[in-house]
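# Working through the structure, step by step
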Amino acid sequence: MAYLDNIAVFVRVVELGNLSAAGRDMRISPAVASNRIKELEKHLGVRLFNRTTRQLMPTEHGTVFYSGAKQVLEAITEAEAAVSALSGQPRGTIRVTAPLGLGRRLVASGIPDFHDKYPDIEVRLRLSDHNVDIMKEGIDVAFRLGIIEDSSLRMRGIMECERVLVAAPKYLEARGEPIEPQELIGKKHDCLMLRYSGAREYVWTLQTPTGPQKFEVHGPYDTDDGDVLTGWALSGRGIINKPRFEVEPFIRDRRLQVILTGTPPTPVQFAAVYPHKKLQDPKVRLLLDFMAERCQRLIKDILAGK
């Protein structure tokens, strides 16, 4: 087991790029993670990493060993999943990721309830508005809002979510309420956008009488945190494009106003994505079923004002 533990640490260090991140992920200290890598290097008689001030990069030997080590761990995980399916007692760890706002509102609150129901399953949740590479980082399930383009992943749709353009009343009083989507182009209005490395949505797609149309909107600043966008809009700094359930409470109390209701943004798909083989894992299926039902219910309650 010690050797397998060392291999598991090595794989996570390769995937996450440094000892501290791997240690946090595996709930061990960086010192323990470092010692396990040293034990593995001693056993193999080679150096597995080139160490820089910021990152550990696998050597040629490390790259070769990673490929085989990954397969070994995956085979063990699949064998454990098969046993769990037979025994009816799923156990193990699930790594989950979700966008910040959606994760805080819908996913995070359900993790303790899921664990209460399945106490032998550990869930490690990572929230980020960045597009996490779930294959590279060993994520089991990613909850996402938007278009899923990676053909190496499977998708379970949870629900289609209405999106709206909203702004604070004081912004609209100062800048005027746009009547046509074309008014969003140029610098007449400040359109605040979610941007981060690897992001694809640099335009707003609105539903027009002639079909969906893309508009290259402009804003004086942007962010990689969706809740920051909402905060800016609430303070009267611009227009945002959001799933309605995220801003419905502010619409209801009139802190935000829906605009361009005749040409709303196209809906966004709320879905869970996961590697193909993960569907065979009973604990992953249980999490998907649990969260899909819970998130659908919570979104409907938010939109109903409950």
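Computed from a predicted model, the values in this text were never measured in an experiment.

## As for the overall build of the protein chain
- Counting its regular elements, the protein chain contains ten helices and twelve strands.
- Seen along its three principal axes, the alpha-carbon backbone of the protein chain occupies a region of about 70 × 45 × 35 Å.
- Buried residues in the protein chain amount to 45% of all 306 residues.
- Excluding contacts between residues fewer than 6 apart, the proportion of contacts in the protein chain whose partners are at least 24 apart in sequence is 75%.
- Only carbon and sulfur atoms are counted for the fraction: they give 51% of the accessible area of the protein chain, which is about 15,900 Å².
- Averaged over its 43 positive side-chain charges, the protein chain has a centre that lies 2 Å from the centre of its 39 negative ones.

## Let's talk about the packing of aromatic side chains
- For the structure on display, the rule yields six aromatic pairs.
- For the ring pair Phe10 and Phe65, a centre distance of 5.3 Å and an interplane angle of 55 degrees mean the geometry is tilted. Taken together, the positions of Phe10 in helix α1 (residues 2-16) and Phe65 in helix α4 (residues 60-87) put the pair 55 residues apart, joining distant regions of the chain.
- Ring geometry for Phe114 and Phe290: centres 5.4 Å apart, planes at 65 degrees, overall edge-to-face. Of the two residues, Phe114 sits in helix α6 (residues 110-117) while Phe290 sits in helix α10 (residues 282-303), which places them 176 residues apart along the sequence.

## Focus: the sheet that holds strand β10 (residues 240-243)
- A sheet is described by the order of its strands in space; here three strands give the open sequence β10-β7-β11, paired in antiparallel fashion. Either end of the sheet is taken by a strand with one partner, and the two such strands are β10 and β11 (257-259). Within this sheet the neighbouring strands show an average axis-to-axis angle of 55 degrees, counted without direction.
- When strand β7 (residues 163-167) meets β11, the two strands line up antiparallel, connected through three bridges. By the bridge assignment, Ala167 is partnered in β11 with Gln257.
- Of the strands in this sheet, β7, β10 and β11 are in contact with helix α9 (residues 244-252), which crosses β10 at around 110 degrees.

## Examining the environment of Val96
- Inspection of the secondary structure puts Val96 in strand β3 (residues 92-98).
- Val96 sits in the buried class, given a relative accessible area of 1%.
- Excluding anything up to four places from it in sequence, Val96 contacts Val123, Arg124, Leu125, Arg126, Ile139, Val141, Phe143 and Leu287.

## Quick word on unusual backbone geometry
- The residue Arg27 is not glycine, and still its phi comes out positive at about 60 degrees.
- Its place among the elements puts Arg27 in the loop between α2 (19-26) and α3 (30-44).
- Within the chain, Leu260 stands out as a residue other than glycine whose phi angle is a positive 50 degrees.
- The class for Leu260 is buried, based on a relative accessible area of 6%.

## Things to note about the environment of Leu206
- Examined against the element boundaries, Leu206 turns out to sit in strand β8 (residues 204-208).
- Take Leu206: its relative accessible area is 0%, and that puts it in the buried class.
- As for Leu206 and Met26, which are separated by 180 residues in sequence, their C-alpha atoms are 44 Å apart.
- Ignoring anything within four residues of it in the chain, the contact list for Leu206 reads Leu165, Pro181, Leu184, Gly211, Pro212, Gln213, Phe215, Thr263, Pro264, Pro265 and Thr266.

## Section: the sheet that holds strand β12 (residues 268-275)
- The sheet built from five strands is open, its strands ordered β4-β3-β5-β12-β6 with mixed pairing. Each edge of the sheet is formed by a strand with only one pairing partner; in this case those strands are β4 (121-127) and β6 (153-161). This sheet shows a mean twist of 20 degrees between the axes of neighbouring strands, independent of strand direction.
- As paired strands, β6 and β12 are joined by eight bridges and run antiparallel to one another.

Criteria and thresholds
- Residues numbered from 1 in each chain as written.
- Predicted model: local features only at pLDDT ≥ 70, side-chain atom pairs only at ≥ 80, totals over all residues.
- Heavy atoms only, no water.
- Helix = DSSP H or I, 4+ residues; strand = E, 2+ residues; numbered from the N terminus.
- Buried < 20%, exposed > 50% of the residue type's maximum accessible area, 1.4 Å probe, protein only.
- Contact = heavy atoms within 4.5 Å.
- Areas by Shrake-Rupley, 256 points an atom, 1.4 Å probe, with all protein chains shown as cover.
- Lys, Arg positive; Asp, Glu negative; His and termini not counted.
- Charge placed at Lys NZ, Arg CZ, Asp CG, Glu CD.
- Phe/Tyr/Trp six-rings, centres within 6.5 Å; stacked < 30°, edge-to-face > 60°.
- Pairing = 2+ DSSP bridges.
- Axes fitted to C-alpha atoms, helices over the stretch in contact; angles between N-to-C directions.

Structural measurements only, silent on function.
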